[in-house]
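The primary structure of each chain is shown beneath.
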Amino acid sequence: MTTRETAGTTTGPAAGAAENPVTISYGELDGARIAVVSLNRPRKLNGLTMAMLRGLDDAARTLRRDRDLRGVILAGAGDSFCAGLDFGSVLQKPLDIAVAFTPNPFARDGANLFQRVCWEWRRLPVPVIAVVHGHCYGGGVQLALGADFRVTTADARWSVLEAKWGLIPDMSGARTLADHVGAERARWLTMTGRELSGADAVDVGLATETAASRDDAEARARDMLRELFGRSPDQLAAAKELFRDAWRSPRATFRAERLQQAKLLLSENAARARTAALKKTPPNFTRRGTWAFGPGKKSGR
C-alpha cells in the first residue's frame, strides 16, 4: 500500500481544542490525493455534538474546493463509527438547535445544518466511501448514507434510532434511505428502528460490502478508490451529479423533513418517547396529534 497520510488537520470551531472533534488527514494512494475525514470523539462513541456538526460541514466545504482531490474516506475513531446525535450535549443549547434547524434560503437545496452535514458528501465531486464499524445509529446512519459507498464490518450495529425518541430521520435520511433500500423498506426501518448487523445492512441495501474487521474495511475502501481512480475524475463527478438529481428535488424532500420533525418535536408522544428512552422504561403513549403544551394537552397516563 502506498498511502501516505499527514497529521490530522482540524476543521470546524473546535480547532485548538484538546480533542479535535473532526479531523482531515491528507495522503496519497497510488499517486492520487485522498482525504480521510475522521469523527474524533471516541469516548462518546463519536456521538454528534454541535461542534462536530459544524466541523463536518466545514470539512465537506473545504474538500469540495480542492480540485486535486480524488477521493474521500469517512471513518470514526475508537470503537464506533457514530452512535448518532448526542442529545445530552445538543439539548444544552436550544438556541443552537434552532439556528442549525433553520434552512439556508440561498442554498441550491435549501438544506439546514443537520441536513448539510450528511448531504454535502453527495455534492462532493469525488467518490466518498464510509468505513463503518461498531455503532452506526441515527445520525450516523444518515452520515454513512451520504457517502457513495459503505464498507461495514459484519458485526457492526445499524439502526434508524430516531424511532426510539419518537422522531424521524431528518438529516437527509428521508431521501437517502429511500434511494438505497426503496420506500417500503425505508418506512419499515424508520417506523421500527430495528437494529441490523453489518451483514444484514448489506442484505437490505444500506451498505455496499462487508469486511471481517475495521482494518479490512479500511483496506477495502482503499481498493475501491484505486479501481475508481482508473476512470476520469470528471466522469466520476458527472455520475455523482446525475444520480443525485435524477429523480426528485432535494429541496422539497428536505423541506418535508423539517416540517414533520418540527411537529414531532412539539408533540406529547415524542416527549414521552424521549422520557422512556432515558429511563429505559416502556413508553406510555397518548392520543395521536396531542401537543406537549397548552390547554389541549392530554394526560394519557
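None of these values were measured; they are calculated from a predicted model.

Rules used in this analysis
Residues numbered from 1 in each chain as written. Predicted model: local features only at pLDDT ≥ 70, side-chain atom pairs only at ≥ 80, totals over all residues. Heavy atoms only, no water. Helix = DSSP H or I, 4+ residues; strand = E, 2+ residues; numbered from the N terminus. Contact = heavy atoms within 4.5 Å. Expected span 1.5 Å × (residues − 1). Buried < 20%, exposed > 50% of the residue type's maximum accessible area, 1.4 Å probe, protein only. Arc of directions from axis to C-beta. Disulfide = S-S within 2.5 Å.

A. Quick look at the side chain of aspartate 86. Counting through the fold element by element, aspartate 86 comes out in the loop between β5 (69-76) and α2 (87-90). Residues within four places of aspartate 86 in sequence aside, it is in contact with Arg41, Gly47 and Leu48.

B. Quick look at helix α9 (residues 214-228). In this model, α9 (15 residues) spans 21 Å end to end at C-alpha, consistent with the 21 Å of a helix rising 1.5 Å per residue. The set of residues buried in α9 consists of Ala217, Ala221, Arg222, Met224, Leu225 and Leu228. Take α9 and look down its axis: the buried residues cluster within an arc of 155 degrees, on one side only. Residues of α9 that are exposed and point more than 90 degrees away from the buried face comprise Asp215 and Glu227.

C. Spotlight on the state of the cysteines. Evaluated as defined, the whole model comprises 0 disulfides. Cysteine 136 provides the cysteine sulfur closest to cysteine 82, a residue in no disulfide bond, and the two sulfurs are 7.2 Å apart. The exposure class assigned to cysteine 82 is buried, which follows from its relative accessible area of 0%. Of all cysteine sulfurs in the structure, the one in cysteine 82 sits closest to cysteine 118, which takes part in no disulfide; the separation is 8.5 Å. Relative accessible area serves as the criterion here: at 0%, cysteine 118 is assigned to the buried category.

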